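# Structural features, examined
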Amino acid sequence: MAEPLELPRSIAELYLARVHEVSSMRPIMTGDVFSDIEIPGVEQVDGDERKLAMVVTHPCSMRKGVKMKVKQQMIRVVRSKPVELPAWRSQYFDRLPLPALLQPLDTDEPADEDNGTNDYAALFEFRGRVSTAELLLSRRIACLSEEGVAFLHQRISHADTRYPARISDLMSACSGVFAEAELAQEWNERLIRVDVDDHVALAAALDHEALEFESIIGAQRSYVQGKKTVKSAMREDLADDRKKAHARRELLRLVREREK
Amino acid sequence: MTDNAVKYPSRTTISNTIKSGIPGELTQLSDQAGKLRDASGMLKLDVEILHLETLSMMLDEGIEQRVREDVRILLSELTEVRGLGWSEIARLVGVSVPAIRKWRTGGDISAPRRHALAKLCAFLDLIEMRKIADPAVWLGTPLSIELDQSLTKAVLYAEGNALHLLAYADDHMSLLHLLSASGYEMPEQQRRVEMTRNYDGSVSIVPLNESNVE
């Protein structure tokens, strides 16, 4: 019998950052896990003592311009028994397993570490709208990678519709917005000079740099590519495989100039 | 040609023999043609191996130079000069993004990982030498518009096919041969969906069927 869902190559592939790896400089994205989040309309569940919740609003829909929309869709993340990787294909349709969620790797080897501790799962049924003001960067404890978000999307859409889009297609559809988030993080890390523990100053600096970043990435500009003059915004180019590298070089050149 | 060299009949001789229909001669000719086919097949295989070996030596030479460089300089080159993203580099090198971030800030890197990073830089250098203007774009684009759009050269590189990709970039290997050498089969990899941009800038995944295939 065909198995509907795909499985990650390793646990490490799911995460962009966990616990101390999480950077305050990264914009809030789909797949981010926060602690101490009440989800209106969602009752208490076994294993939710830390009130963990994951942002599931689609990355293309969570912002209006620079600003995040006032509410985000979130699902409850609870402690869960370990799910072996092969079981991802044909079982646990109601959840995204989050193995070793609170256990960052201290090695650069892509390992399949899973000793059963720190295993969590994001439950699709326990879903609601949370005020964006609740999503404090100091409460963010993990960020999913592009692959991780694609696995979230595949499982959540299969749970809702029984149609699993392929992981590679889901990643292609979001590649531009993830490239943008990565560059925004790079921009902030290199240009913001405030103490990250000074939450007020950091929030002000992040807001300021978000506007600066948007003024560059969202603006139409023209440049020569081969024999043609191309007119487009950097944001559009980041979603285009043929223009992404050029846009990235251009933006990083600007960062380097501003660093001086 | 030496005296020991096998003397093969010309096309005209073969054609005349076939027309005359002499059974004994035809069998002899067929045997000779078969032997020639075997010999040329072996020669083709030997030359393919030789070509890959020379490419391997060129790549090794590049790695040897690059592996001595500061990891942070290599990473900076990959992003700022080549235009690759951190996630892309992580996939190409076969590590996690946190590992890359650790190296950027001077964290320890194991010898095999340093080698993998140097290999990526050396590979892109060789691609650029093949008159490919933007190696990062070349790596990130699909192999063919007719195929699954997620099957990029970067996917093949990450799966350990650097030498085959160099031969392909040299135009000495066909797409079919590249796919076969990399363990892919054409029919199973055909396009099934396409990405379409919506009015609000978002992207939708649209299944392709007979009615909407171009």
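The notes below deal with the structure included here.

Each helix and strand in chain B was counted, giving 10 helices and two strands. In terms of overall size, chain B is more extended than a compact globule, its C-alpha atoms giving a radius of gyration of 25 Å where 214 residues would be expected to give roughly 17 Å. The dimensions of chain B, computed from C-alpha atoms along their principal axes, are 80 × 55 × 25 Å. Out of the 214 residues in chain B, the part that is buried amounts to 38%. For chain B, the proportion of contacts with a sequence separation of at least 24, taken over those separated by at least 6, is 55%. As displayed, chain B has an accessible area near 12500 Å², and 54% of this comes from carbon and sulfur atoms. Averaged over its 23 positive side-chain charges, chain B has a centre that lies 3 Å from the centre of its 30 negative ones.

Quick look at the layout of surface pockets now. Gaps left between atoms are located by rolling a probe of water-molecule size over the structure's atoms. Residue and element names in this part refer to chain A. Here the second largest pocket is characterised by a volume of approximately 1600 Å³. What lines the second largest pocket is a set of 47 residues, among which Pro27, Ile28, Arg63, Val66 and Met68 lie closest to the centre. Residue assignment for the lining of the second largest pocket shows that the elements contributing at least two residues are β4 (63–64), β5 (67–68), α2 (167–191), α3 (199–217) and α4 (234–238).

In this section: the pattern of salt bridges. Within this structure, the stated rule accounts for 37 salt bridges over all chains. The partner of glutamate 13 of chain A in a salt bridge is arginine 9 of chain A, with the nearest N and O atoms 2.5 Å apart. Here aspartate 237 of chain A and arginine 221 of chain A are joined by a salt bridge, their closest N and O atoms 2.8 Å apart. In this pair, aspartate 237 of chain A sits in helix α4 while arginine 221 of chain A sits in strand β10 (residues 220–225), placing the two residues 16 residues apart along the sequence. The class of arginine 221 of chain A is buried, set by a relative accessible area of 14%. Each of Glu186, Arg190, Arg256 and Glu259 of chain A together with Glu80 and Arg104 of chain B takes part in one network of salt bridges that share partners.

Turning our eyes to something else, we now look at the packing of aromatic side chains. Per the stated rule, a full pass over the model turns up three aromatic pairs over all chains. Arranged with centres 5.9 Å apart and planes meeting at 85°, the rings of tryptophan 88 of chain A and phenylalanine 151 of chain A form a pair that is edge-to-face. A residue pair is termed long-range when its members are at least 10 positions apart, and tryptophan 88 of chain A in the loop between β6 (71–79) and β7 (95–98) and phenylalanine 151 of chain A in helix α1 (residues 146–161) qualify at 63 residues. Judged on exposure class, the residue tryptophan 88 of chain A and its partner phenylalanine 151 of chain A are both buried. Ring geometry for phenylalanine 123 of chain B versus tyrosine 157 of chain B: centroids 4.7 Å apart, planes at 50°, classification tilted. Placement of the pair is phenylalanine 123 of chain B in helix α6 (residues 111–129) and tyrosine 157 of chain B in helix α8 (residues 153–158), with a sequence separation of 34 residues. The burial state of phenylalanine 123 of chain B is the same as that of tyrosine 157 of chain B; both residues are buried.

This part is about the interface of chain B and chain A. Many structure descriptions define interface size as the accessible area lost when the parts assemble. Residue-level contacts link 40 residues of chain B with 34 residues of chain A. When residues of chain B are sorted by the area they lose upon contact with chain A, Glu80, Arg91 and Arg101 of chain B head the list and together hold 18% of the total. Across the contact surface, chain B and chain A share 10 salt bridges. Residue arginine 256 of chain A pairs with glutamate 80 of chain B through a salt bridge whose shortest N-O separation is 2.6 Å.

Turning our eyes to something else, we now look at the sheet that holds strand β2 (residues 33–34) of chain A. Residue and element names in this part refer to chain A. Ordered by their spatial adjacency, seven strands build an open sheet running β1-β9-β2-β3-β6-β8-β7, and the pairing between neighbours is antiparallel. The open sheet has two free edges, formed respectively by β1 (15–18) and β7, since each of these has just one partner strand. As judged from the two bridges shared by β2 and strand β9 (residues 140–144), these two strands associate in the antiparallel manner. When the bridges of β9 are listed, phenylalanine 34 appears paired with arginine 140. Running at roughly 85° to strand β8 (residues 120–131), α1 makes contact with β3 (52–55), β6, β7, β8 and β9 of the sheet.

Moving on: empty space enclosed by the protein. Residues and elements named next belong to chain A. Tallying each qualifying case throughout the model produces five cavities of 30 Å³ or more. What the largest cavity holds in volume is close to 130 Å³. No other element matches α2, which puts three residues into the lining of the largest cavity. Considered class by class, the residues forming the lining of the largest cavity number seven nonpolar, four polar and five charged. Here the second largest cavity defines a volume of roughly 50 Å³. Secondary-structure elements contributing two or more residues to the lining of the second largest cavity are α2 and α5 (244–259). For the lining of the second largest cavity, the leading source of residues is α2, giving three residues. Among the residues making up the lining of the second largest cavity, the classes are represented as four nonpolar, two polar and three charged.

Rules used in this analysis
- Residues numbered from 1 in each chain as written.
- Chains lettered and ligands numbered in written order.
- Predicted model: local features only at pLDDT ≥ 70, side-chain atom pairs only at ≥ 80, totals over all residues.
- Heavy atoms only, no water.
- Helix = DSSP H or I, 4+ residues; strand = E, 2+ residues; numbered from the N terminus.
- Rg over C-alpha atoms; globule rule 2.2 N^0.38 Å.
- Buried < 20%, exposed > 50% of the residue type's maximum accessible area, 1.4 Å probe, protein only.
- Contact = heavy atoms within 4.5 Å.
- Areas by Shrake-Rupley, 256 points an atom, 1.4 Å probe, with all protein chains shown as cover.
- Lys, Arg positive; Asp, Glu negative; His and termini not counted.
- Charge placed at Lys NZ, Arg CZ, Asp CG, Glu CD.
- 1 Å grid on protein atoms, 1.4 Å probe; cavity = no way out; pocket = protein on both sides within 12 Å on 5 of 7 lines; lining within 4 Å.
- Points joined across faces, edges and corners; volume = space filled by probe spheres on them.
- Salt bridge = Lys/Arg side-chain N within 4 Å of Asp/Glu carboxyl O.
- Phe/Tyr/Trp six-rings, centres within 6.5 Å; stacked < 30°, edge-to-face > 60°.
- Buried area = accessible area lost by both parts, 1.4 Å probe.
- Pairing = 2+ DSSP bridges.
- Axes fitted to C-alpha atoms, helices over the stretch in contact; angles between N-to-C directions.
- Nonpolar A, V, L, I, M, F, W, Y, C, P; charged D, E, K, R; others polar.

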